[in-house]
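One letter stands for each residue in the lines below.
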Amino acid sequence: MKDVIIRPERCMSCHSCEVACAVAHSKSKTLFSAVGEDPVPRKRISVEYLPALGASMPITCRHCKDAPCVSVCPTKALSQDTDTGTVIRNLERCVDCWTCSTVCTRFSSLYRLILATGCWNSSMLCNHKIIDSRTENGIAIKCDLCEGRELPACVEACPTHALVFAEIEGR
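**A look at the overall build of the protein**
Phase 1: The helix and strand tally for the protein stands at six helices and eight strands.
Phase 2: For the protein, the sequential pattern of α-helices and β-strands runs β-α-α-β-β-α-β-β-α-α-β-β-α-β.
Phase 3: With 171 residues in all, the protein has 40% of them scored as buried.
Phase 4: For the protein, restricting intrachain contacts to residue pairs at least 6 apart in sequence, the fraction spanning at least 24 positions comes to 61%.
Phase 5: In the form shown here, the protein has an accessible surface area of approximately 9,200 Å², with 55% of it arising from carbon and sulfur atoms.

Shown next as structure tokens:
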């Protein structure tokens, strides 16, 4: 299965990935038109600077094999595509309970890294928008690997190749 691989040592915190993601999920699919859309298009990736590491970290859903967010969703709003492994959300089933975000393993790993490096701050109280609590019509938003595109917009827009879309073995 392919996934977005994050190489934080290459990230220069330009936020190009965030902009490209929001535009890719806009109605118009163009930057200038997306700015004026209502509702404003939302990004599914966030760039966080970790001072103790001296590096920025692009953070997004990694579409885990046997994703815990899928198994805990009480309404089955999240499912995993058996062919691609992508964690998919069903807009009609989501009830905005955020159970999915409490078990996210990407956030758990980041949380352990934060504690190990001692760079905890008040912004760490959320799950870093892996599953975003800022909703789109009351529904959780998360990375969908830019369904329908050959390459996710965040990867395509990254000028330093801090994000790479590649096959992952053994997930």
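**Focus: a nonpolar patch on the surface**
Phase 1: On the surface, a cluster of nonpolar side chains totalling about 450 Å² of accessible area is made up of Val 19, Leu 31, Phe 32 and Val 35.
Phase 2: Secondary-structure assignment places Phe 32 in helix α2 (residues 31-35).
Phase 3: Look at Phe 32 and you get exposed, because its relative accessible area is 77%.

**Points about the nonpolar core**
Phase 1: Among the nonpolar cores identified, the biggest contains 19 residues, and Val 4, Cys 17, Ile 45, Cys 154, Val 155 and Leu 163 are the most heavily contacted of them.
Phase 2: Listing elements by their share of this core, those giving two or more residues are β1 (2-6), α1 (16-24), β2 (46-50), β3 (55-59), α6 (153-157) and β8 (163-167).
Phase 3: Grouped together as the second largest cluster of nonpolar side chains are nine residues, Cys 64, Cys 73, Leu 78 and Cys 100 included.

**What about the pattern of salt bridges?**
Phase 1: The full count for this structure, using the stated rule, is two salt bridges.
Phase 2: A salt bridge links Lys 43 to Glu 18; its shortest N-O distance comes to 3.3 Å. With Lys 43 in the loop between α2 and β2 and Glu 18 in helix α1, this pair connects stretches of sequence that are 25 residues apart.

**Description of the state of the cysteines**
Phase 1: Applying the stated criterion across every chain, the model contains zero disulfides.
Phase 2: A disulfide-free cysteine, Cys 64 has its sulfur positioned 6.4 Å from the sulfur of Cys 61, the nearest such atom.
Phase 3: Using a relative accessible area of 13% as the deciding quantity, one classes Cys 64 as buried.
Phase 4: Cysteine Cys 154 shares no disulfide, and the gap to the nearest cysteine sulfur, in Cys 146, comes to 6.2 Å.

**Thoughts on unusual backbone geometry**
Phase 1: For the peptide bond that leads from Asp 38 to Pro 39, omega is 5°, which places it in the cis range.
Phase 2: One can find Pro 39 in the loop between α2 and β2.
Phase 3: Its identity is not glycine, yet Lys 76 carries a phi of approximately 60°, on the positive side.
Phase 4: Within the secondary structure, Lys 76 sits in the loop between α3 (68-72) and β4 (78-80).
Phase 5: Since its relative accessible area comes to 49%, Lys 76 is described here as partly exposed.
Phase 6: Backbone geometry places His 161, a non-glycine residue, at a positive phi of 60°.
Phase 7: Inspection of the secondary structure assignment puts His 161 in the loop between α6 and β8.

**Some details on α1**
Phase 1: For α1, the tally of buried residues reaches seven of nine residues, placing the bulk of the element in the interior.
Phase 2: Along α1, the residues that are buried comprise Cys 17, Glu 18, Ala 20, Cys 21, Ala 22, Val 23 and Ala 24.
Phase 3: Next to the buried residues of α1 lie α2, β2, α6 and β8.

The rules we used
- Residues numbered from 1 in each chain as written.
- Predicted model: local features only at pLDDT ≥ 70, side-chain atom pairs only at ≥ 80, totals over all residues.
- Heavy atoms only, no water.
- Helix = DSSP H or I, 4+ residues; strand = E, 2+ residues; numbered from the N terminus.
- Buried < 20%, exposed > 50% of the residue type's maximum accessible area, 1.4 Å probe, protein only.
- Contact = heavy atoms within 4.5 Å.
- Areas by Shrake-Rupley, 256 points an atom, 1.4 Å probe, with all protein chains shown as cover.
- Patch = residues over 30% accessible without salt bridge, like charges linked within 9 Å, V, L, I, M, F, W, Y side chains within 5 Å.
- Salt bridge = Lys/Arg side-chain N within 4 Å of Asp/Glu carboxyl O.
- Core = buried A, V, L, I, M, F, W, Y, C linked by side-chain atoms within 4.5 Å.
- Disulfide = S-S within 2.5 Å.

Keep in mind that these numbers describe shape and distance, not what the molecule does.
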